[in-house]
Amino acid sequence: MSGLGQLQEQREAAAVQRRREQELVRRSRIFNARLRTIGIDKDALDVQVKERKIQEAIEKARHEKFANDLKRNDRVMCLLEEQQKKEIKDMTKALKEFQKNQTPETRREFDLNDPEALKKDRPARVSDTDPRCTISGMQKFAGEDLNYEQRMKFQKEQLREWSLQQQKDWKSALADQKLADDLYDKYRVEIDQKVMEEQRKEEESRRAVCTATKDFNLIQAAELAYKKELDKSQTLRDNMNEINCLLRGDFLSENPAQALSPLGNRVLVDRWKGMSQDQLMAIRHWQKKQALEKLRVREQERQREAEWDRQRVQAARAQLLRERELQRQRRQRRRDLDFTNAELSQEQRAKNIYLKEEAYSNIPTAQYYAQFNTTTR
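### Here we look at the overall build of the protein
No. 1: For the protein, the helix and strand inventory stands at seven helices and zero strands.
No. 2: Going from N to C terminus, the protein has its helices and strands arranged as α-α-α-α-α-α-α.
No. 3: Across the 377 residues of the protein, 5% fall into the buried class.
No. 4: Approximately 35100 Å² of the protein is accessible, and the part contributed by carbon and sulfur atoms is 57%.

Structure, rendered in C-alpha cells:
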C-alpha cells in the first residue's frame, strides 16, 4: 500500500507540475501583444477538462480499492475474534474439567498440608555429594565440607612444598641471570672496541677525502672565475657594439622615409612610425560622427521599446477587464441556473404530491378503507 501511495503522489505531483507549465505558457501567450489572439484558449480548456476527468477516475478507483481493503480487513477481524472467543471457551472448559478430576494427593500444594510430612522428612544434609544440597537450599557453603580438617592439613603440606620449590627455582634463575649478565658484559666490551677501531679508520679516510675534495674545488673555482671574467668582457664588448648599431639605425631614429615602399605609395607595416595630424583629426571626426549616430539609434530603439511596453500594458489591462467581465457573466449565469433548478425542483415536488393525491383519489372506497384499516393496525 505504501508503494501504491508513493506512486499515486508522484503522478499527482507530475500532473500539477504539467498544469503549472501549461498555465505559464498560456499566460505568456495571452500577455504577449505580438502573438496573442482574440478569444479563449479552447484547446487548453479541453486538456484541463480531460485531465480533470482522468484525475477523478483515478481518485474513484483509489477510493474503491480502499473500501474493498476495509471490507476484507473487517471480515478477517471478525473471524479472528470468533476464533479467539472459541479458544478462550475451550481453555476455560478444559481447566474446569482438570480441577474437577484432580485429587488432593496430585495437587501442587499437597506437600504443605500433608499430615505425614514429618514422617516422610529427611535430614537436610546427608553427605557432601547430596544432590539435594543445591545453591538455593543454603545447606552447603565453601569451606564447610565434612572433610575440612584433612583438607586443610593437605593444603598446608602442599603450600610448604610449593614454597620450597619456588625458592629453589628462584636461586637457580638468579645464578643463570648472573652468568648471562657476565657473558653479555664481555661481549659488549668487545663490540665497543671493534666499533671504536672502525670509527677511527673511517675518520681518517674521511679527512683524506675532504682534503682531496678541497684541493679539487679550489682548482675548479679558479678556472670558473677566469672563465667568468672572459665571458664578462666579451659580453660587454658585444653589448657596446649592439648599442652603437641601434643608435645609428633607422629604428630608434624614427625615420619616416623607411615606411615608404619603393614600389609605390603603399606603406610598409613593419616600418610604419605613426600617422600625421591630418589623418588623426579625420579619424577622430569620423569616430565622433559614429558616436552621434549610435546615440540616435539607441534613442529610437528606446522610444520603440517604450511604445511596445505601453501597448503591451494596455493590452494586458484590456484582457484583464475582459476576463473579469466574463467571470461576472459566468457567475450571473450560474445564479440564474441555480434559480431555475430550484423552481424546477419545487414544480417537480408539487407534481409528485399532486400525482400521489390523484392516485389515492382513484382507489375504490372499499379498497381505500381496507388499506386504511391495515395502515392503522
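### Things to note about a nonpolar patch on the surface
No. 1: Where nonpolar side chains cluster on the molecular surface, the patch consists of Tyr184, Tyr187, Ile191 and Val195 and spans about 390 Å² of accessible area.
No. 2: Relative to the assigned elements, Val195 resides in helix α4 (residues 148-248).

### Here we look at the side chain of Gln8
No. 1: Here Gln8 is to be found in helix α1 (residues 2-30).
No. 2: The contact partners of Gln8, leaving out residues within four places of it in the chain, are Ile58 and Arg62.

### Re the confidence of the model for the protein
No. 1: Of the residues in the protein, 81% reach a pLDDT of 70 or more, and the chain-wide mean stands at 81.
No. 2: Low pLDDT, under 50, characterises residues 363-377; the stretch is placed with two contacts to residues that sit more than four places away or in other chains.

### Brief notes about the pattern of salt bridges
No. 1: On inspection of all chains with the given rule, the structure shows 19 salt bridges.
No. 2: In this structure, Glu204 and Arg200 form a salt bridge, with 3.1 Å as the shortest nitrogen-oxygen distance. Of this pair, Glu204 and Arg200 both sit in helix α4, separated by four residues, roughly a single helical turn.
No. 3: In this structure Glu204 comes out as partly exposed when scored by relative accessible area, which is 40%.
No. 4: Owing to a relative accessible area of 40%, Arg200 belongs among the partly exposed residues under this scheme.
No. 5: Beyond isolated ion pairs, a larger network of salt bridges with shared partners links Glu202, Glu203, Arg206 and Arg207.

About the cut-offs
- Residues numbered from 1 in each chain as written.
- Predicted model: local features only at pLDDT ≥ 70, side-chain atom pairs only at ≥ 80, totals over all residues.
- Heavy atoms only, no water.
- Helix = DSSP H or I, 4+ residues; strand = E, 2+ residues; numbered from the N terminus.
- Buried < 20%, exposed > 50% of the residue type's maximum accessible area, 1.4 Å probe, protein only.
- Areas by Shrake-Rupley, 256 points an atom, 1.4 Å probe, with all protein chains shown as cover.
- Patch = residues over 30% accessible without salt bridge, like charges linked within 9 Å, V, L, I, M, F, W, Y side chains within 5 Å.
- Salt bridge = Lys/Arg side-chain N within 4 Å of Asp/Glu carboxyl O.
- Contact = heavy atoms within 4.5 Å.
- pLDDT = per-residue confidence, 0-100.

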